[in-house]
Amino acid sequence: MVDATENVGFSLQHSPQPNKVISASTTTSKRSTNNNTSAMKRNCLLITIGILLIFSTILSISIGHYHYIQEVSSSVSLRLQDFLGDDKQSSAKADTNTTSSINTTTTNINIEDHTRHERIAFESIIQRVKWTNDKCDSIPSDQRHTVKKEIKTATDLPMLPEGGVAIALETWLKDSTDNNEYPTCYIPPTKSCHVTTYTLIIMSHTTERLQAFMDPLRSMIDSWPGLTEVIIVWNSPRDTLTSATTSDNNNGKDKRYANELLQWNENITHPLRIFFALENGLTNNLLNRYHPSLQPKNEAVMYFDDDGPFWSRESMVYAGFELWKRNSNVQVGGFPRNVRFLSNRMKTLEKVNLQSSIDLIQRDVDGYANEEHSTFTPLCRNTTGDHVEYNYFSFPDFAGHVLLPSGTFLHRNYLCFIWHPAFEELRQWVINHKTMPDDMTVSTLIAHLSGRAPRTFPREVATTEGDRRRLDEDSDIIISKPNWSIQRNNSSSSRIHRLQSPSPNQSHRRLLWKQKGWGGMREEAINSILGYFGSIHPGTVGWCAGTEYMRSNNRGVPFVCHPEKPSLGLIPWLTKGGIGSTQCPLDPTLLEQSAQLLAKHKAEKEAIRIEFEKDFCGDCKYKNFITCRERVDYLIDKYNNAPKEAKDNVIKDDPNCQKKSR
């Protein structure tokens, strides 16, 4: 029996011709179908290969782009790391022997925070200059050229162009893409509550002042909490210092102090290091203490002149440093100078803008980050003939416009700005001016960069009611080791131990004063610098702003603080519930200490009141003008009389203030 399959095959092979034709047609149709299928497969394969090639290309480009981004990011990161630095990798002695790359150690800077980028700050200054020009142009004709006093030329150096900073910044912003050598600068944060350490910078150039700053410096290093780095900016050749190690000048003191300073510098475990300015490509000028090549490892930078005066730990660390933490994007200090406005228009604006600043602080805004700050006062030199007077006779807490460098705090980010190429014109003018007004320049520049006025703290802080007398710089004072406790001198239970320092060497200041026309030159300088920016910040507010210790003033600045030298317990940002106290966490020990001092202050006042009641007629009239008690308070606050001393003086001046026996 034949298999069916075989039968079918056989019949197909041997079938008649018509069947053959049909069979051929069917076969051709199948082959055509197979060919189409093969073509489709080939097309699909080609499409698949094409898609794979496209994806491969895209992937290669993506990978290349990724590596490019990584390379650029790495390059940017390295460049920023060079500029920003890393506290964790900072050595005890920073290498400052080269200026091939200008580095500023800056932490806690969010590169994505564009609001703090230098470009934003520069554009803000440009807009302020344009705003100033508009304000000046809109001043009525009857308010122009009302100042009778003429500004006098005091040097042969031409004045900076009015509003010239805007041109300088616009030029830099236009050409900055072609200049990648200088690092990008960033405005500091409004608050730096996390900062607990600071760097001290002192600039000197002569061995004659070694004793003046090294004696107090030794005590500061031993006893001031948070002082982890000291940088001595030496503006003379190195051999000026090294040659003193074999000199017998100044009874051999220069030799002893020079040896000690160099030993401190060579000891890698010691917080002090010397920055030899001339060896780092700088010339001898006052701006060197602000050069970014110093590379301070701490965000907070404290400044003192090499001849002092050196203030107490209570003033600088407890009051000043704590205020800086709450205002780290402005200059903070205790030696303010102010300028006097001469036109009625500017005087009116000064009062309005200053009061606005006081109101802002009194609202105790958390860091003022989103608050609108007081506007600046336009100085319309060309349009109105306005100019200002420089007041170098007092240090007002309120309405100060310039902070002298000694006893100031500054965020290290500003070092990048002070030496920024965009401000080269300003810097060169300062260096060439006979008075070298670095103080005016730094205060004005930082105010315009931040859009805010500097802040001030009391440069002398008392700890008891009886310690508000003027300090005797030559008194025998002993510094304690680092702690928050109050230690008292055996000779006086009412005095805190303060920093022992010799009487300040004022030789270089006397030389400035001895220059013929020094006052006129300083006045020329402030008008030139302020005119360059076109406007003036609202002025400083005193430590007492918004408190019961702020008093109206009829002469000079609008407000003053009484007492002039408060205890820690009266400083609001150190007192629980005080203005500014909540902006940063308070040190519990310091808070307790301030509370104890405040309680002691109140108890002493009550004890004084009771004591006064025994033989003092407080309600009686003092020379038929004020009460005897008001006169006592005035002597205590204004002239730092001790209470008993004030009472005795009042009775001596007017016996009517003594209680009459019945």
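Residues numbered from 1 in each chain as written. Predicted model: local features only at pLDDT ≥ 70, side-chain atom pairs only at ≥ 80, totals over all residues. Heavy atoms only, no water.

**Q** Quick question: what am I supposed to make of the overall build of the chain here?
**A** Within the chain one finds 18 helices and 18 strands. The 662 residues of the chain split such that 50% are buried. A total of about 32,200 Å² of accessible surface is found on the chain, and carbon and sulfur atoms cover 52% of it. (Helix = DSSP H or I, 4+ residues; strand = E, 2+ residues; numbered from the N terminus. Buried < 20%, exposed > 50% of the residue type's maximum accessible area, 1.4 Å probe, protein only. Areas by Shrake-Rupley, 256 points an atom, 1.4 Å probe, with all protein chains shown as cover.)

**Q** So what exactly am I meant to see when it comes to the pairing of strand β4 (residues 300–305) here?
**A** Strand residues, when the strand is regular, have side chains that alternate between the two faces of the sheet. Taken across its six residues, β4 has six buried, putting it largely inside the fold. What you see with β4 is no split at all: Ala300, Met302 and Phe304 on one side and Val301, Tyr303 and Asp305 on the other are buried throughout. Bridge count for strand β1 (residues 198–204) against β4 is six bridges, and the pairing is parallel. What sits directly across from leucine 200, in β4, is methionine 302. The sheet contact formed by β4 and strand β10 (residues 408–411) spans four bridges and is antiparallel. Each bridged residue has a counterpart across the sheet, and for methionine 302 the counterpart in β10 is phenylalanine 409. (Pairing = 2+ DSSP bridges.)

**Q** For this particular structure, what's the right way to read the sheet that holds strand β9 (residues 402–403)?
**A** The strands making up a sheet associate through hydrogen bonds between their backbones, and the pairing can be parallel or antiparallel. Taken together, the three strands give an open sheet; going across it, the order is β8-β6-β9, and neighbouring strands pair in antiparallel fashion. The two strands at the open ends of the sheet, each matched to only one other strand, are β8 (388–391) and β9. By the bridge criterion, two bridges tie strand β6 (residues 336–341) to β9 in an arrangement that is antiparallel. For arginine 337, the partnering residue across the bridge sits in β9 and is valine 402. Against the sheet, helix α15 (residues 518–533) touches β6, β8 and β9, its axis set at about 125° to β8. (Contact = heavy atoms within 4.5 Å. Axes fitted to C-alpha atoms, helices over the stretch in contact; angles between N-to-C directions.)

**Q** Looking at this model, I keep getting lost on the packing of helix α3 (residues 118–137) against helix α4 (residues 164–175). Mind explaining?
**A** A pair of packed helices is captured by two measures, namely the crossing angle of their axes and the spacing between those axes. Relative orientation of the contacting elements α3 and α4 amounts to 145°, with a least axis distance of 9 Å. Once α3 is placed against α4, the crossing between them reads as left-handed. Residue-level contacts link Glu118, Arg119, Phe122, Glu123, Ile125, Ile126, Val129 and Lys130 of α3 to Val165, Ala166, Leu169, Glu170, Trp172 and Leu173 of α4. Taken together, the residues of the contact of α3 with α4 sort by class into nine nonpolar, no polar and five charged. (Left-handed = near helix turned anticlockwise from the far one by under 90°. Nonpolar A, V, L, I, M, F, W, Y, C, P; charged D, E, K, R; others polar.)

**Q** Please clarify how empty space enclosed by the protein should be interpreted in this entry.
**A** One simple way to see leftover space: roll a probe sized like a water molecule over the atoms. The final tally for this structure, using the stated rule, is seven cavities of 30 Å³ or more. Along its surface, the largest cavity is lined by 15 residues, and Ser357, Ile361, His373, Arg452 and Ala453 are the ones closest to its centre. Looking at side-chain class alone, the lining of the largest cavity contains seven nonpolar, six polar and two charged residues. Taken as a whole, the second largest cavity spans an internal volume of roughly 100 Å³. As for the second largest cavity, its lining consists of 14 residues, and the residues nearest its centre are Ile361, Arg455, Trp573, Ile579 and Gly580. (1 Å grid on protein atoms, 1.4 Å probe; cavity = no way out; pocket = protein on both sides within 12 Å on 5 of 7 lines; lining within 4 Å. Points joined across faces, edges and corners; volume = space filled by probe spheres on them.)

**Q** What exactly am I supposed to notice about the sheet that holds strand β2 (residues 227–234) here?
**A** Sheet architecture is open: seven strands sit in the order β3-β2-β1-β4-β10-β5-β11, paired in mixed fashion. Edge strands, defined here as strands with exactly one partner in the open sheet, are β3 (272–276) and β11 (455–456). Sheet topology note: the β1/β2 ladder contains seven bridges and is parallel. Pairing of serine 204 across the sheet is with tryptophan 234, part of β2. Relative to β2, helix α5 (residues 210–223) is tilted by about 165°, and along the sheet it contacts β1, β2, β3 and β4.

**Q** What should I look at first to understand the side chain of histidine 562 in this one?
**A** Among the secondary structure elements, histidine 562 is positioned in the loop between β16 (559–561) and α16 (588–615). Residue classification places histidine 562 among the buried positions, given a relative accessible area of 11%. Excluding its chain neighbours within four sequence positions, the residues that come into contact with histidine 562 are Tyr549, Arg551, Asp637 and Lys638.

**Q** Whenever I open this one, the pairing of β6 confuses me. Can you help?
**A** The element β6 is extensively covered by neighbouring structure, given that five of its six residues are classed as buried. By the bridge criterion, four bridges tie β6 to β8 in an arrangement that is antiparallel. Opposite valine 339, over in β8, you have tyrosine 390 as the bridge partner.

**Q** What am I meant to see in the packing of aromatic side chains here?
**A** The geometry of an aromatic ring pair is captured by two quantities: the separation of the ring centres and the angle between the planes. With the rule as written, the count across this model stands at 19 aromatic pairs. On the basis of an interplanar angle of 35° and a centroid distance of 6.0 Å, the ring pair of tryptophan 543 and tyrosine 549 is categorised as tilted. Of the residues examined, tyrosine 549 reaches a relative accessible area of 16% and is grouped as buried. Members of the aromatic cluster, connected to one another through ring pairs, are Tyr198, Phe304, Phe310, Trp311, Phe321, Trp324, Phe335, Phe395, Phe409 and Phe457. The positively charged end of arginine 128 is found above the aromatic ring belonging to phenylalanine 376, 4.4 Å away from the centroid. (Phe/Tyr/Trp six-rings, centres within 6.5 Å; stacked < 30°, edge-to-face > 60°. Lys NZ or Arg CZ within 6 Å of the ring centre and 35° of its normal.)

**Q** Would you mind showing me how to read α5 here?
**A** Because the α-helix completes a turn every 3.6 residues, residues three or four places apart line up on one side. In this model, α5 (14 residues) spans 20 Å end to end at C-alpha, consistent with the 20 Å of a helix rising 1.5 Å per residue. Most of α5 sits out of view: 10 of its 14 residues are buried. Turning to α5, its buried residues number three or more, namely Leu210, Ala212, Phe213, Met214, Pro216, Leu217, Ser219, Met220, Ile221 and Ser223. (Expected span 1.5 Å × (residues − 1).)

**Q** How do you make sense of the nonpolar core when you look at a structure like this?
**A** Proteins that are soluble and globular tend to have nonpolar side chains buried together. Of all hydrophobic cores here, the largest spans 124 residues; its most connected members are Ile232, Phe304 and Leu449. The contact partners of leucine 449, leaving out residues within four places of it in the chain, are Ala121, Phe122, Ile125, Ile187, Tyr414, Phe417 and Phe423. Formed by 13 residues, the second largest nonpolar core is a distinct cluster that contains Phe616, Cys617, Tyr622 and Leu635. (Core = buried A, V, L, I, M, F, W, Y, C linked by side-chain atoms within 4.5 Å.)

**Q** What should I look at first to understand the environment of alanine 277 in this one?
**A** You can see alanine 277 is positioned in the loop between β3 and β4. Residues alanine 277 and serine 236 lie 41 residues apart in sequence; the distance between their C-alpha atoms is 7.5 Å. What alanine 277 contacts, discounting residues up to four positions off in sequence, is Trp234, Asn235, Leu282 and Asn288.

**Q** Just to check I follow, could you spell out the side chain of threonine 575 for this structure?
**A** If you trace the backbone, threonine 575 turns up in the loop between β16 and α16. Within the structure, threonine 575 has its side chain in polar contact with the backbone oxygen of glycine 569 (distance 3.1 Å). (Polar contact = N/O pair within 3.5 Å; in protein donor to acceptor, adjacent residues only side chain to side chain.)

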